[in-house]
Amino acid sequence: MHIAIVGNIGAGKTTLANKLAHHFNWEVFLEDVDHNPYLKDFYDDMPRWAFHLQVYFLNSRFQQTQRIKALQQNNKGVIQDRTIYEDAHIFAANLHQSGLMSERDYQNYLNLFQSMISMVNPPDLLLYLRADLPKLVQQIEKRNRDYENNIKIDYLKHLNEHYEEWIKGYTAGRLLIVDVNNLDYVNNPEDLSVIIDKINSTLFGLF
Ligand SMILES: Nc1ncnc2c1ncn2[C@@H]1O[C@H](COP(=O)(O)OP(=O)(O)O)[C@@H](O)[C@H]1O
Ligand SMILES: Nc1ncnc2c1ncn2[C@H]1C[C@H](O)[C@@H](COP(=O)(O)O)O1
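Along each chain, residues carry numbers from 1 onward, in the same order as the chain's sequence is written. The lettering of chains begins at A and the numbering of ligands begins at 1, in the order of writing. For this predicted model, a pLDDT threshold of at least 70 governs which residues receive local features, and a threshold of 80 or more governs which side-chain atom pairs are given and counted, while totals over whole chains, interfaces and linings are taken from all residues. As a rule here, side-chain values come from all non-hydrogen atoms in the structure, and water together with hydrogens is ignored.

1. Some details on the site of ligand 1
Around ligand 1, 15 residues are found, and the nearest of them are Gly 12, Lys 13, Thr 14, Thr 15 and Arg 143. Here a polar contact is taken to be a pair of N or O atoms separated by no more than 3.5 Å, where protein atoms must pair a possible hydrogen donor with a possible acceptor and residues adjacent in sequence count only if both atoms sit in side chains. Contact between ligand 1 and Lys 13: an oxygen atom at 2.7 Å from a side-chain N or O atom of the residue. In the environment of ligand 1, an oxygen atom lies 2.7 Å from a nitrogen or oxygen atom belonging to the side chain of Thr 14. Here the accessible surface of atoms and residues is derived via Shrake-Rupley with a 1.4 Å probe, and residues count as covered only by protein chains that are part of the display. Starting from 560 Å² of accessible surface for ligand 1 in isolation, the protein chains cover 89%. Looking at the shell around ligand 1, the elements with two or more residues in it are α1 (13-24) and α6 (133-143). The element best represented in the shell around ligand 1 is α6, accounting for 4 residues. Polar here means any residue other than Ala, Val, Leu, Ile, Met, Phe, Trp, Tyr, Cys and Pro, which are nonpolar, and Asp, Glu, Lys and Arg, which are charged; Gly is therefore polar. Taken together, the residues of the shell around ligand 1 break down into 4 nonpolar, 6 polar and 5 charged. Residues are labelled near a given molecule or strand when at least one of their non-hydrogen atoms is within 4 Å of it. Numbered from the N terminus, helices here are DSSP runs of H or I no shorter than four residues, and strands are runs of E no shorter than two.

2. Focus on the sheet that holds strand β4 (residues 125-130)
Note: two strands are recorded as paired if DSSP finds a minimum of 2 bridges between them. Taking strand neighbours across the sheet as the criterion, the 5 strands line up as β2-β3-β1-β4-β5 in an open arrangement whose pairing is parallel. A strand with exactly one partner marks an edge of an open sheet, and here the two such strands are β2 (27-29) and β5 (174-179). Averaged over all adjacent pairs, the angle separating strand axes in this sheet is 20°, with direction ignored. As judged from the 4 bridges shared by strand β1 (residues 2-6) and strand β3 (residues 78-81), these two strands associate in the parallel manner. By the bridge assignment for β3, Ile 5 is matched with Asp 81. Helix axes are fitted to C-alpha atoms over the stretch in contact, other axes to C-alpha atoms as well, and angles between N-to-C directions run from 0 to 180 degrees.

3. Some details on the UniProt feature "domain: Deoxynucleoside kinase" (unreviewed entry) in the chain
The feature "domain: Deoxynucleoside kinase" (unreviewed entry), as annotated in UniProt, sits at residues 3-201 in this numbering. Taken end to end, residues 3-201 comprises 58% helix and 12% strand; its first and last C-alpha atoms sit 14 Å apart. UniProt positions are given in the numbering used here, feature names are shortened, and annotations may be inferred rather than shown by experiment.

4. Examining the pattern of salt bridges
When their charged atoms lie close together, side chains carrying opposite charge are able to pair. Definition used for salt bridges: Asp or Glu carboxyl oxygen within 4 Å of a side-chain nitrogen of Lys or Arg. Evaluation of the coordinates by the stated rule reveals 10 salt bridges. Of the charged contacts, one joins Arg 82 and Glu 31 as a salt bridge, the two residues approaching to 3.1 Å between their closest N and O atoms. Of the two residues, Arg 82 sits in the loop between β3 and α4 (84-97) while Glu 31 sits in the loop between β2 and α2 (39-44), which places them 51 residues apart along the sequence. Three labels apply to residues, based on accessible area from a 1.4 Å probe with only protein chains included: buried if under 20% of the type maximum, exposed if over 50%, partly exposed otherwise in between. Looking at Arg 82, the relative accessible area reads 5%, which means it is buried.

5. What to know about the nonpolar core
Ranked by internal contacts, the top residues of the largest apolar core, which has 66 residues, are Phe 42, Leu 127 and Ile 199. Here this core takes 8 residues from α4, the largest share from any one element. Any two residues having at least one pair of non-hydrogen atoms within 4.5 Å are treated as being in contact. Excluding residues that lie within four positions of it along the chain, Leu 127 makes contacts with Ile 3, Ala 4, Ile 5, Val 6, Leu 16, Leu 20, Leu 176, Val 178, Ile 195 and Ile 199. Take the buried Ala, Val, Leu, Ile, Met, Phe, Trp, Tyr and Cys residues and link them wherever side-chain atoms come within 4.5 Å; each set so joined is a nonpolar core.

6. Notes on the confidence of the model for the chain
Mean pLDDT for the chain: 96, with 99% of residues reaching 70 or above. Of the two predicted TM-score estimates for the complex, the pTM is 0.96 and the ipTM is 0.96. pLDDT expresses, on a scale from 0 to 100, how confident the predictor is about each individual residue.

7. Remarks on the site of ligand 2
The environment of ligand 2 is made up of 17 residues, and the closest members are Lys 13, Glu 31, Tyr 43, Gln 54 and Glu 148. At 2.4 Å from an oxygen atom of ligand 2 is found a side-chain nitrogen or oxygen belonging to Glu 31. Within the side chain of Gln 54, a nitrogen or oxygen atom sits 2.7 Å from a nitrogen atom of ligand 2. When ligand 2 sits alone it has 480 Å² of accessible area, and the protein chains cover 100% of it. For the shell around ligand 2, the secondary structure elements donating two or more residues are α2, α3 (46-73) and α4. For the shell around ligand 2, the element with the highest residue contribution is α3, accounting for 4 residues. Taken together, the residues of the shell around ligand 2 sort by class into 8 nonpolar, 1 polar and 8 charged.

So, in structure tokens, the structure goes:
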């Protein structure tokens, strides 16, 4: 079983991924953020570093999907924090549309993505954490990563628009949308239970 948690920056993916992995006793796969060699530079100068960062994330996410595939062949459960789909359909697409990634870099990137995606299995469940801008901003501030302090509201807004478009057309597998605006699964165990019940119901027909 493979559950992938998707959603905008600060939506609460990592927090939920760790909690679900603990609950189901499954392995968790997190994003390569702390050792990412481009992320800080990217936030300082997006046009300069957009292509480098996208290639880095694409490769690290692809390697992750291959490790997940191997675990699944051994019937192990996996929770994944963000997917390779988001790199291309959300972040790279947004950088291109915003004029922050050139046409030739974007086409080059997309060709690479197309070569890789044929080797990627969709998750058994895609869990989309839908959050409005105030919730995202509040949680990004709460996390307080220095390089994220300058993220513009417009950047988050455009990413949210891309997420909504992508989710509308997502047909690769089962999809569960959870509005997290009024959920606090950090402090309220009942809020976590609401999500776990929805997952059990979607995946196993329980409840
Ligand atoms: N539903 C929630 N309610 C309250 N705080 C949350 C919630 N989800 C996440 N947080 C807090 O918001 C911050 C960002 O969450 P995080 O899981 O890192 O988001 P993401 O991985 O989606 O970027 C963390 O400090 C986390 O503890
Ligand atoms: N593909 C990506 N392009 C640009 N930025 C990305 C990409 N994937 C992740 N990120 C950024 C967004 C955040 O600053 C960090 C971690 O993501 P988070 O949603 O906070 O887990 O990396």
